[in-house]
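The chain contents come next:
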Amino acid sequence: MLSVLYTEEENEYREQVREFAERVVAPRAQEIEDTAEYPRDLLFELGKAGYMGALIPEEFGGTGLGMVAETIIAEEISAVCAMLDVTRGVTSVYFAPPVYKFGNDEQKGRYLPPIVTGEKMGAIGITEPDVGSDTAGMKTTAVRDSDEFVINGEKRFITNGSLADYMLLFAVTDPSVKARKGMSTFIFETDNPAFSVVKDYDLMGLRGLKVSHLKIDNARVPASSMVGEENKGFRILMDELDTERTSLAAGAVGYARAAFEYALQYSTEREQFGREIRGFEGVSFKIADMAVKLDAARLMTLQAARRIDSGLSATRQGASAKLLACASAQEIATAALQVTGGIGYTKDCKTEQLFRDARLMTIGGGTTEIMKYIIQREVYKERGY
Ligand SMILES: Cc1cc2nc3c(=O)[nH]c(=O)nc-3n(C[C@H](O)[C@H](O)[C@H](O)COP(=O)(O)OP(=O)(O)OC[C@H]3O[C@@H](n4cnc5c(N)ncnc54)[C@H](O)[C@@H]3O)c2cc1C
């Protein structure tokens, strides 16, 4: 049924990524969950297979296959190991594409090839202790001093923060106007002596993922590390977020699919009252609801991805995909846990982990409430209000 949504090449590509995910990633997933150790080597494997560079052209080492391919990768990797796809996405979807789209030739040549191979890791620094949903209230500053900038501030909840070699950092360069008009973007190299990791957070789920609180105390960076024009960083941020949300939606489809498949199989094996539990509507209707939500989430994600590949705005569609796919992933994970009963509440059963992992999805990359804000704003704008 899915094949009608995708081209033959896209379907074949999915088969390839799925085979890789099952052969290379799946055997490691439980170990990552049990030890919470970051699987650095798997990033190299993803790079070798070409799954770090769908949004980067061949000239810089990527495959240039585009956003639909990227969503296929995100779904397939997430379906077997959600944390691996989050760390992959941060470096190859959130860090690299803005450098490619807005950076100069020197920046592209220097930073993109090692990211695409997995040799170097990227992060994106937007959120701060006092600044979450309201990104325009950013407080980190970058003050020009001849051919350098001096950066001061703290960034919070930065995925890959304590591991990344480079961070795409957003900072205020003109405090006399609102950050929207006075924000710039930098490639910040984390070997800067003024950079420190305050801590890695102990997360509810996605074990093994490093999400950090970072501090930058009088860091001097060359003016040439600025991406795009001075004070034009907000546009880069908005552009990046459309791609980020679409990729997050695809990841959510992956988590949801894993929970759905698990519950489906369990419902055909577990017997109560002398019959398989799938024979009770209370169970099988949950399976029906999950299947519908999964299809809808994938369709919305595909719509946003196709718009990005066509060079069209995907602000509403990316936010809509994220809203629906992330809420659906949580609902599906919750229903899957219900179908698996008591064992589903224990670490003997995969649904316990999927339930925790999926919980992030309506928060990270912009909350459900903020997605609704964006969608209504775009709906009115599209109609000229
Ligand atoms: C595991 C994890 C990884 C992350 N990775 C990164 C990363 O790599 N880089 C990065 O920069 N950030 C990252 N984040 C930060 C993430 O994007 C923010 O947590 C998110 O945007 C929400 O910001 P906040 O946590 O400050 O919540 P707040 O903005 O304080 O929001 C708190 C509550 O108020 C609601 N709210 C706020 N404003 C409004 C409004 N106008 N209307 C209605 N409701 C509103 C929110 O929806 C939410 O329910 C990560 C977060 C987590 C948990």
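Predicted model only: the values in this text are computed from it and were never measured.

1. Concerning the environment of threonine 63
Here's step 1: You can see threonine 63 is positioned in the loop between helix H2 (40–49) and helix H3 (67–80).
Here's step 2: It is 22 Å that separates the C-alpha atoms of threonine 63 and aspartate 165, two residues lying 102 residues apart in sequence.

2. Brief notes about the pairing of strand E3 (residues 148–159)
Here's step 1: The sheet contact formed by strand E2 (residues 141–145) and E3 spans 5 bridges and is antiparallel. Bridge pairing links arginine 144 to phenylalanine 149 in E3.
Here's step 2: Hairpin connection between E2 and E3: a loop of 2 residues separates the two successive antiparallel strands, and serine 146 in this loop has a positive phi of roughly 50°.
Here's step 3: Here 10 bridges tie E3 to strand E7 (residues 211–222), and the two strands are oriented antiparallel to one another. Considered in E7, the bridge of isoleucine 151 is made with alanine 219.

3. Some points on the side chain of threonine 301
Here's step 1: As for its position among the elements, threonine 301 is in helix H8 (residues 281–309).
Here's step 2: The buried category is assigned to threonine 301, whose relative accessible area is 2%.
Here's step 3: Here alanine 297 takes part through its backbone oxygen, which lies 2.7 Å from a polar atom of the side chain of threonine 301.
Here's step 4: When neighbours within four sequence positions are excluded, threonine 301 is seen to be in contact with Thr71, Thr246, Ala249, Ala250, Val253, Ala321 and Ala325.

4. Things to note about the site of the ligand
Here's step 1: Near the ligand, the surroundings consist of 16 residues, among which Thr127, Ser133, Phe157, Thr367 and Glu369 are the closest.
Here's step 2: Serine 133 places a side-chain nitrogen or oxygen 2.6 Å from an oxygen atom of the ligand.
Here's step 3: Note that an oxygen atom of the ligand is positioned 2.7 Å from one of the side-chain N or O atoms of glutamate 369.
Here's step 4: Computed on the free molecule, the ligand has an accessible area of 980 Å², of which 63% lies beneath the protein chains in the complex.
Here's step 5: Broken down by element, the shell around the ligand gets its largest block of residues, 3 residues, from E3.
Here's step 6: For the shell around the ligand, the class distribution of residues is 8 nonpolar, 7 polar and 1 charged.
Here's step 7: For the shell around the ligand, the domains that each give at least three residues are domain 2 (123–230) and domain 3 (234–382).

5. Notes on the packing of aromatic side chains
Here's step 1: Considering all chains together, one arrives at 10 aromatic pairs under this definition.
Here's step 2: For the pair tyrosine 13 and tyrosine 51, a centre-to-centre distance of 6.2 Å together with 85° between the ring planes defines the contact as edge-to-face. With tyrosine 13 in helix H1 (residues 8–35) and tyrosine 51 in the loop between H2 and H3, the pair connects residues that are 38 residues apart, well separated along the chain. Note on accessibility: tyrosine 13 and tyrosine 51 belong to one class, buried.
Here's step 3: Ring geometry for phenylalanine 188 against phenylalanine 195: centres 5.8 Å apart, planes inclined by 50°, an arrangement best described as tilted. Across the pair, phenylalanine 195 and phenylalanine 188 agree in class, each one buried.
Here's step 4: Among the aromatic residues, ring-to-ring pairing joins Tyr13, Phe20 and Tyr51 into one connected group.
Here's step 5: One residue, arginine 14, lies across the ring of tyrosine 6, its end atom 5.0 Å from the ring centre.

6. A look at the environment of glutamate 22
Here's step 1: Structurally, glutamate 22 is set in helix H1.
Here's step 2: Relative accessible area serves as the criterion here: at 48%, glutamate 22 is assigned to the partly exposed category.
Here's step 3: For the pair formed by glutamate 22 and glutamate 76, sequence separation is 54 residues and the distance between their alpha carbons is 9.0 Å.

7. So, the side chain of glutamine 330
Here's step 1: Here glutamine 330 is to be found in helix H9 (residues 315–339).
Here's step 2: Overall, glutamine 330 belongs to the buried group, its relative accessible area being 16%.
Here's step 3: Discounting residues that sit within four places of it in the chain, glutamine 330 has contacts with Ala358, Arg359, Leu360, Met361 and Thr362.

8. Some remarks on the domain arrangement of the protein chain
Here's step 1: Here the protein chain is partitioned into domain 1 (2–120), domain 2 (123–230) and domain 3 (234–382).
Here's step 2: Contacts between the two partners involve 27 residues from domain 1, matched on the other side by 27 residues from domain 3.
Here's step 3: Taking both partners together, domain 1 and domain 3 bury about 2,400 Å²; carbon and sulfur atoms supply 60% of that area.
Here's step 4: Three residues, Met67, Tyr94 and Phe102, lead the burial of domain 1 against domain 3; their summed loss comes to 26% of the area buried on that side.
Here's step 5: Applying the counting rule to domain 1 against domain 3 returns 6 salt bridges.
Here's step 6: Between aspartate 239 and lysine 101 there is a salt bridge; the shortest N-O distance is 2.8 Å.
Here's step 7: Our enumeration of links across domain 1 and domain 3 arrives at 10 residue pairs in polar contact (both at pLDDT 80 or more).
Here's step 8: Those elements giving two or more residues to the side of domain 1 that touches domain 3 turn out to be H1, H3 and helix H4 (82–102).
Here's step 9: For the side of domain 1 that touches domain 3, the leading source of residues is H3, giving 9 residues.
Here's step 10: A per-class count over the side of domain 1 that touches domain 3 returns 14 nonpolar, 4 polar and 9 charged.

9. Comments concerning the packing of H3 against H8
Here's step 1: Contact geometry of H3 with H8 gives a least axis separation of 8 Å together with a crossing angle of 145°. In this structure, H3 contributes Met67, Val68, Thr71 and Glu75 to the contact, and H8 contributes Arg298, Thr301, Leu302, Ala305, Arg306, Ile308 and Asp309.
Here's step 2: Class assignment for the residues of the contact of H3 with H8 results in 5 nonpolar, 2 polar and 4 charged.

10. Some points on H2
Here's step 1: Every buried residue of H2 is listed here: Leu42, Leu43, Leu46 and Gly47. Burial along H2 is one-sided: seen end-on, the buried residues are contained in an arc of 145°.

Cut-offs and rules
Residues numbered from 1 in each chain as written. Predicted model: local features only at pLDDT ≥ 70, side-chain atom pairs only at ≥ 80, totals over all residues. Heavy atoms only, no water. Helix = DSSP H or I, 4+ residues; strand = E, 2+ residues; numbered from the N terminus. Pairing = 2+ DSSP bridges. Buried < 20%, exposed > 50% of the residue type's maximum accessible area, 1.4 Å probe, protein only. Polar contact = N/O pair within 3.5 Å; in protein donor to acceptor, adjacent residues only side chain to side chain. Contact = heavy atoms within 4.5 Å. Near = heavy atom within 4 Å. Areas by Shrake-Rupley, 256 points an atom, 1.4 Å probe, with all protein chains shown as cover. Nonpolar A, V, L, I, M, F, W, Y, C, P; charged D, E, K, R; others polar. Domains from an automatic or database assignment. Phe/Tyr/Trp six-rings, centres within 6.5 Å; stacked < 30°, edge-to-face > 60°. Lys NZ or Arg CZ within 6 Å of the ring centre and 35° of its normal. Buried area = accessible area lost by both parts, 1.4 Å probe. Salt bridge = Lys/Arg side-chain N within 4 Å of Asp/Glu carboxyl O. Axes fitted to C-alpha atoms, helices over the stretch in contact; angles between N-to-C directions. Arc of directions from axis to C-beta.

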